[in-house]
Amino acid sequence: MPTRILGIESSCDETAAAVVADGREILSSVVASQVSVHRKYGGVVPELASREHLRSIVAVVREALDRAALSFQDIDAVGVTYGPGLVGALLVGLTYGKVVANALGKPLIGVNHLEGHVRAVFLETLRSGQELSLPAVCLIVSGGHTVLYEAAASGPAEPLSAALLRYRKMGQTRDDAAGEAYDKVAKLLALGYPGGPIIDRLAADGADVSRTQAEHIDFSPTKVRGNPYDFSFSGIKTAVLYYLRAHPGLQPEIQERRLAISKGERAADKVLPLCSLQTLGLLVSFQKRVVAELVRRTLQAAEDTAAQSILVSGGVAANSELRHSFEREAEPRGFRVFFPSRELSTDNAAMIAAAAYPRLLAGQLAGWDLNAEPTLSLA
Ligand code: KG4
Ligand code: ZN
């Protein structure tokens, strides 16, 4: 009989629940996004996030069980995110997870959200049959985090789904997270929210026309004193701001361009603002710089350690330029790069259930006094 873990995630602006068998097979994964609530503010509003989690959590967990065709009694354990994240948001999922585990008399496992992002990559490789070797350098890059870890097995590395890992933090952003920089630049240009996926698509268009017309700006490499694996993105964002001040009238037209929707795509993802070639050029240059920083420092970290693999996870891991760049540059240097699928890149609860599994096997259970830890770190 497989071990079925109910995962619950509510650290930021997605209410998510999932059931994962033996830490590797996703039986269901439900994500209720709050994007439409936060859109008009151009960022996540913590109080609104908590309120939305409260509204959704019960239904989301029920939906996850329904889709897995299971009842509460069929669950062997509950894994729940307890940090890092927004304290009010974390408390909703954590409290509900405790209530469920307590009522069922099943073990509770506290999961670090960042470890969840690492396990999302494992889930992907286990699903697709790719072979991932440890130790690895892990870049977790989202709207809330940009951090580099070295991850190694602390006991048997096989099977990967059951392996306990130890982490060493190598570097992190000194200011904005990369996703935050995308969102802020999109806000400066009134492109919409969240900015990452919009800029990703616009920059792809820009790169197409750039060969002929779009004007490129040379954002110089970011200097970060001290730790060579630390990042900084506020300078690039400010450079964009100054460029816009020097070039007034660079706002995109209010008119929108609707792209064809294919199966499985959301209509909202297919509406793009109409931009001038100059704006597209700016976006191409901004994205190039951000991606170059992420790739350069991650590859450096991999070269300086005994890493066999590079894992890239978090919302920004969905970025097409980032994926291409890593694939282009890592292989010649002897590293294999692994990304989760788009659904597993952004916040979800399957990764939380997967992270709970090795801890359950190792008897690392949480007490009922487990509390939310907004600044929880992984090392
Ligand atoms: O992991 P996630 O869902 O939530 C957290 O922030 O924890 O990541 C969301 C972030 C947002 O900042 C969003 O703009 C960014 O990831 N993002 C992207 C892309 N898709 C999402 N950034 C660049 N390119 C993308 N394709
Ligand atoms: Zn996240």
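**Things to note about unusual backbone geometry**
Part 1 of the argument: The omega torsion of the bond from Gly83 to Pro84 falls at -15°, within 30 degrees of zero and hence cis.
Part 2 of the argument: Its location among the elements puts Pro84 in the loop between β4 (77-83) and α3 (87-104).
Part 3 of the argument: With an omega of -10°, the peptide bond between Tyr193 and Pro194 qualifies as cis.
Part 4 of the argument: Topologically, Pro194 is positioned in the loop between α5 (178-188) and α6 (195-210).
Part 5 of the argument: Positive phi outside glycine occurs at Ala69, with the angle close to 55°.
Part 6 of the argument: One can find Ala69 in the loop between α2 (46-67) and β4.
Part 7 of the argument: Of the residues examined, Ala69 reaches a relative accessible area of 66% and is grouped as exposed.
Part 8 of the argument: The phi dihedral of Ala190 falls on the positive side, at around 55°, and the residue is not glycine.

**Section: the packing of aromatic side chains**
Two descriptors summarise a pair of aromatic rings, namely the distance from one centre to the other and the angle between the planes of the rings.
Part 1 of the argument: Applying the stated criterion across every chain yields a total of 4 aromatic pairs.
Part 2 of the argument: Measuring from centroid to centroid gives 5.2 Å for Tyr182 and Phe286, while their planes differ by 80°, and the two rings are edge-to-face. Taken as a pair, Tyr182 in helix α5 and Phe286 in helix α8 (residues 277-304) lie far apart in primary sequence, 104 residues in all.
Part 3 of the argument: Under the relative-accessibility criterion, Tyr182 is labelled buried at 2%.
Part 4 of the argument: Judged by relative accessible area, which is 0%, Phe286 ranks as buried.

**Some thoughts on the coordination of the zinc ion (ligand 2)**
Part 1 of the argument: The protein atoms donating to the zinc ion (ligand 2) are His113 (NE2), His117 (NE2) and Asp347 (OD), with metal-donor distances spanning 2.1 to 2.2 Å.
Part 2 of the argument: Relative to the metal, the 4 donor atoms surrounding the zinc ion (ligand 2) lie at angles of 91 to 146°, and the coordination shape comes out irregular.
Part 3 of the argument: Between consecutive donor residues of the zinc ion (ligand 2), the sequence gaps follow H-x3-H-x229-D. Here His113 pairs with His117, and both are found in helix α4 (residues 113-128), just 4 residues apart, close to one helical turn. Each member of the pair, His113 together with His117, is buried.

**Considerations on the site of ligand 1**
Part 1 of the argument: Neighbouring ligand 1 are 18 residues; Gly143, Asp183, Gly196, Asp200 and Asn319 lie closest to it.
Part 2 of the argument: For ligand 1, an oxygen atom lies 3.4 Å from a polar atom in the side chain of Ser142.
Part 3 of the argument: Between ligand 1 and Asp347, the relevant distance is 3.2 Å, taken from an oxygen atom to a side-chain nitrogen or oxygen of the residue.
Part 4 of the argument: When isolated, ligand 1 has an accessible area of 550 Å², and the protein chains bury 91% of it.
Part 5 of the argument: Those elements that provide at least two residues to the shell around ligand 1 are α5 and α6.

**Concerning the side chain of Arg297**
Part 1 of the argument: Among the secondary structure elements, Arg297 is positioned in helix α8.
Part 2 of the argument: From its side chain, Arg297 meets the backbone oxygen of Thr222 in a polar contact 2.9 Å long.
Part 3 of the argument: Once you skip the residues sitting within four places of it in the chain, Arg297 turns out to touch Leu148, Thr222, Val224, Pro228, Tyr229, Asp230 and Phe231.

Rules of the game
- Residues numbered from 1 in each chain as written.
- Chains lettered and ligands numbered in written order.
- Predicted model: local features only at pLDDT ≥ 70, side-chain atom pairs only at ≥ 80, totals over all residues.
- Heavy atoms only, no water.
- Helix = DSSP H or I, 4+ residues; strand = E, 2+ residues; numbered from the N terminus.
- Buried < 20%, exposed > 50% of the residue type's maximum accessible area, 1.4 Å probe, protein only.
- Phe/Tyr/Trp six-rings, centres within 6.5 Å; stacked < 30°, edge-to-face > 60°.
- Donors = N, O, S within 2.8 Å, 3.2 Å for Na, K, Ca; no water.
- Tetrahedral: all angles 85-135°; square planar, octahedral: opposite > 155°, others 65-115°.
- Near = heavy atom within 4 Å.
- Polar contact = N/O pair within 3.5 Å; in protein donor to acceptor, adjacent residues only side chain to side chain.
- Areas by Shrake-Rupley, 256 points an atom, 1.4 Å probe, with all protein chains shown as cover.
- Contact = heavy atoms within 4.5 Å.

Read these as spatial facts, not as claims about activity.
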